Amino acid sequence: MDKVEQARTWLLLRRPFYGSLALQLLKWRRSESFPVAATDGTTVWTNPKGFDGRPLQERGFIVAHEVLHVIFDHCGAGARYQKSGLGPDGKPWNTMKAAIATDIMVNFHLMQDGFEPPKDAIVPAAFPYLSVDFDTTWEEVYSKLKLPSGSGGKGRGNAQGGGGFDEHLAPGEGGSDEEQAVSRELVLRAVAQALETAKRAGNAPAFGDRLIERLARPRFSLKDALVEELLARGRGADWSFKRPKRQKLCLTPGLIMPSMISQSAGKVVIGIDVSGSIDVHTLNYFASVLDAALNEVSFDELWVVTIECDVTGGQRVQDTGELWQFFQRVKGGGGTYMPAVFPWIDSQGICPTQVVILTDGYTDFGDPPSYPVTWCITSDVKSPWGRTLKVEAEA
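Quick caveat: nothing in here was measured; it's all calculated off a predicted structure.

Asker: Explain the overall build of the protein chain here, please?
Answerer: When you go through the protein chain residue by residue, the secondary structure sums to 13 helices and 13 strands. Within the protein chain, buried positions represent 50% of all 395 residues. Once local pairs closer than 6 in sequence are excluded, the contacts in the protein chain between residues at least 24 apart make up 67%. Surface accessibility of the protein chain: about 18,700 Å² in total, with carbon and sulfur atoms responsible for 49%.

Asker: Where do I start with the side chain of His168 in this structure?
Answerer: With respect to the helices and strands, the residue His168 is situated in strand S5 (residues 166-168). Overall, His168 belongs to the buried group, its relative accessible area being 10%. In terms of polar contacts, His168 uses its side chain to reach the side chain of Thr102, at 3.4 Å. Of note is the side chain of His168, whose polar atom sits 3.2 Å from the side chain of Asp166.

Asker: Got a minute to help me understand the nonpolar core in this structure?
Answerer: A general tendency of soluble globular proteins is for nonpolar side chains to be buried together. Core analysis: the biggest nonpolar cluster contains 60 residues, and Phe17, Tyr18, Leu21, Ile71, Ile104, Trp138 and Val191 have the highest contact counts within it. Where this core is concerned, the elements lending two or more residues are helix H1 (3-14), helix H2 (16-25), helix H4 (56-71), helix H5 (74-84), helix H6 (95-112), helix H7 (138-144), helix H8 (184-201) and helix H9 (208-216). Residue contributions to this core peak at 9 residues, all from H6. Not counting chain neighbours up to four residues away, the residues in contact with Tyr18 comprise Leu11, Ala64, Val67, Leu68, Leu110, Asp113, Phe115, Pro205 and Phe207.

Asker: What am I meant to see in the sheet that holds strand S9 (residues 301-307) here?
Answerer: Hydrogen bonds between backbone atoms are what pair the strands of a sheet, whose relative direction is either parallel or antiparallel. With respect to topology, 6 strands assemble into an open sheet ordered S10-S9-S8-S11-S12-S13, the strand pairing being mixed. In this open sheet, the two strands that pair with only one neighbour each are strand S10 (311-316) and strand S13 (387-390). Across the sheet, the mean angle separating the axes of adjacent strands is 20° when strand polarity is ignored. Bridging between strand S8 (residues 267-273) and strand S11 (residues 354-359) involves 5 bridges; their strand directions are parallel.

Asker: I'm lost on the packing of H8 against H9 in this one. Help?
Answerer: How two helices pack is summed up by the angle between their axes together with the distance between the axes. It is at 10 Å that the axes of H8 and H9 come closest, and there the two elements cross at 160°. In terms of axis orientation, H8 runs roughly antiparallel to H9. Remark: the crossing between H8 and H9 carries left-handed chirality. From H8, Arg184, Val187, Leu188, Val191, Ala192, Leu195 and Lys199 reach across to H9, where they touch Gly208, Asp209, Leu211, Ile212, Arg214, Leu215 and Ala216. Of the residues belonging to the contact of H8 with H9, the class tally is 9 nonpolar, 1 polar and 4 charged.

Asker: Explain H5 here, please?
Answerer: One turn of an α-helix holds 3.6 residues; hence residues three or four places apart share an orientation. Among the residues of H5, those classed as buried are His74, Cys75, Gly76, Ala77, Gly78, Tyr81 and Ser84. Two residues or fewer past H5, Gly85 is found with a positive phi of approximately 85°.

Asker: Please explain unusual backbone geometry as it appears in this structure.
Answerer: Peptide bonds are mostly trans, and most non-glycine residues show a negative phi. For Asp73, which is not glycine, the phi dihedral falls at a positive 55°. Looking at the secondary structure, you find Asp73 in the loop between H4 and H5. Asp73 sits in the partly exposed class, given a relative accessible area of 25%.

Asker: Is there a simple way to explain the pattern of salt bridges in this structure?
Answerer: Tallying each qualifying case throughout the model produces 12 salt bridges. The shortest N-O distance in the salt bridge between Arg54 and Asp120 comes to 2.6 Å. Here the residue Arg54 occupies a position in the loop between helix H3 (48-51) and H4, and Asp120 occupies one in the loop between H6 and H7, the gap between them amounting to 66 residues. A relative accessible area of 15% places Arg54 in the buried class. For Asp135, the salt bridge is made with Arg210, and the minimal N-O distance between the two is 3.1 Å. Note that Asp135 is positioned in the loop between H6 and H7 and Arg210 in helix H9, a separation of 75 residues in sequence. Taken together, the shared-partner salt bridges connect Asp2, Arg30 and Asp52 into one network.

Asker: What is the right way to read a nonpolar patch on the surface from this model?
Answerer: On the surface, Leu12, Leu13 and Leu23 cluster together into a nonpolar patch covering about 300 Å² of accessible area. Mapping Leu12 onto the fold places it in helix H1.

Asker: Even after reading the chapter, I still don't get the packing of H1 against H2, so can you show me in this structure?
Answerer: Interaxial distance between H1 and H2 falls to 6 Å at its minimum, and their mutual angle equals 135°. The orientation of H1 with respect to H2, classified from their angle, is oblique. Read as a crossing pair, H1 and H2 show a hand that is left-handed. In this structure, H1 contributes Arg8, Leu11, Leu12 and Arg14 to the contact, and H2 contributes Pro16, Tyr18, Gly19, Ser20, Ala22 and Leu23.

Asker: Help me out: how do you make sense of the pairing of S9 in this one?
Answerer: The buried count for S9 comes to 7 of 7 residues, which makes it a mostly enclosed element. Burial along S9 is two-sided: Glu301, Trp303, Val305 and Ile307 and Leu302, Val304 and Thr306, pointing in opposite directions, are all buried. Sheet topology places S8 next to S9; 7 bridges connect them, and they run parallel. Bridging from a neighbouring strand, Ile270 pairs with Val304 of S9. On the question of chirality, the crossover connecting S8 to the parallel S9 by way of helix H11 (residues 280-294) is right-handed. Two elements, S9 and S10, share 5 bridges in a ladder whose sense is antiparallel. Note that in S10 the partner of Ile307 across the bridge is Val311.

So, how was this worked out
- Residues numbered from 1 in each chain as written.
- Predicted model: local features only at pLDDT ≥ 70, side-chain atom pairs only at ≥ 80, totals over all residues.
- Heavy atoms only, no water.
- Helix = DSSP H or I, 4+ residues; strand = E, 2+ residues; numbered from the N terminus.
- Buried < 20%, exposed > 50% of the residue type's maximum accessible area, 1.4 Å probe, protein only.
- Contact = heavy atoms within 4.5 Å.
- Areas by Shrake-Rupley, 256 points an atom, 1.4 Å probe, with all protein chains shown as cover.
- Polar contact = N/O pair within 3.5 Å; in protein donor to acceptor, adjacent residues only side chain to side chain.
- Core = buried A, V, L, I, M, F, W, Y, C linked by side-chain atoms within 4.5 Å.
- Pairing = 2+ DSSP bridges.
- Axes fitted to C-alpha atoms, helices over the stretch in contact; angles between N-to-C directions.
- Parallel < 35°, antiparallel > 145°, perpendicular 65-115°, else oblique.
- Left-handed = near helix turned anticlockwise from the far one by under 90°.
- Nonpolar A, V, L, I, M, F, W, Y, C, P; charged D, E, K, R; others polar.
- Salt bridge = Lys/Arg side-chain N within 4 Å of Asp/Glu carboxyl O.
- Patch = residues over 30% accessible without salt bridge, like charges linked within 9 Å, V, L, I, M, F, W, Y side chains within 5 Å.
- Right-handed = clockwise from strand over helix to strand, strands pointing away.

Below, the structure is given as structure tokens:
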């Protein structure tokens, strides 16, 4: 029997929660490109030279370890931080810190569930200044980790320099067919089924119900709401009567219906709160939402503006690359007066179709301008004018 298959079977018989998820959520491949193992959130690669010779219990631990990386979306989250250039602590992204932080939390959960870690596993006890529990996030651990200066960087998520047995890749980075992590909905269904199976077997993980509650917590999709708002106030769609491909022809012979080329939101200004009350996690969330919206909506013009007590930066962007470059230059930390964007718009000679402001709402709102304004607010504050979208930054 293949050594990976043997480890998965051992988990199915002894720890069915992890064994069933290893089969449902992940593809398993062999590769000598990594010392022991690696995952991109959809696929796990194991190196026969570094994996097969380990005792069965260690191989089972490694398989369960990769399962939890998928459940917690560590690869997807790391890729989003790396794209922004900033880590959860607001400093330049450090892949080694992220790899160590996520491994600490994964191994904490496994050890609390009775697993014995391999000698090369990164465990919380190796960092006595850290205090972790089931509610601790890997971002919190990342922000408190102390590593030698110069360690880490923007490469692969490899903790080998600080211990550990696996590498954490961005979705699709390792050559798998998938460029996105396993969907939250699929993970929730699979975890619920696996937890029920484990409960019947009498060995459900201690954190199982807490995990279900966390995954099932409804999320407001700012991206979807923002796209809907932008298109609702935009200039509409562009249509084409160009002859479609044969497989898309309508059923009525000789009749060619128009097809939509794109939907434009018109001229849009996005104002972003970068005051001291906005943490780096929220700022990265704003950037990710705008990145996703750019992939679904076209603009006649799109301006991105940072605001404290006054406008601190503004740029017209045409693609997601320019957007992330803009965010990497963002510096903030001052006071807040979001209406400062309106005279800036006038000074630039911009006649916007609409303005969207991303903020925590702890600001004066001033007087409404002549154009529509949508406030995306992370607190319970509601704007006295314009439209307010209540936002909860995703974990």
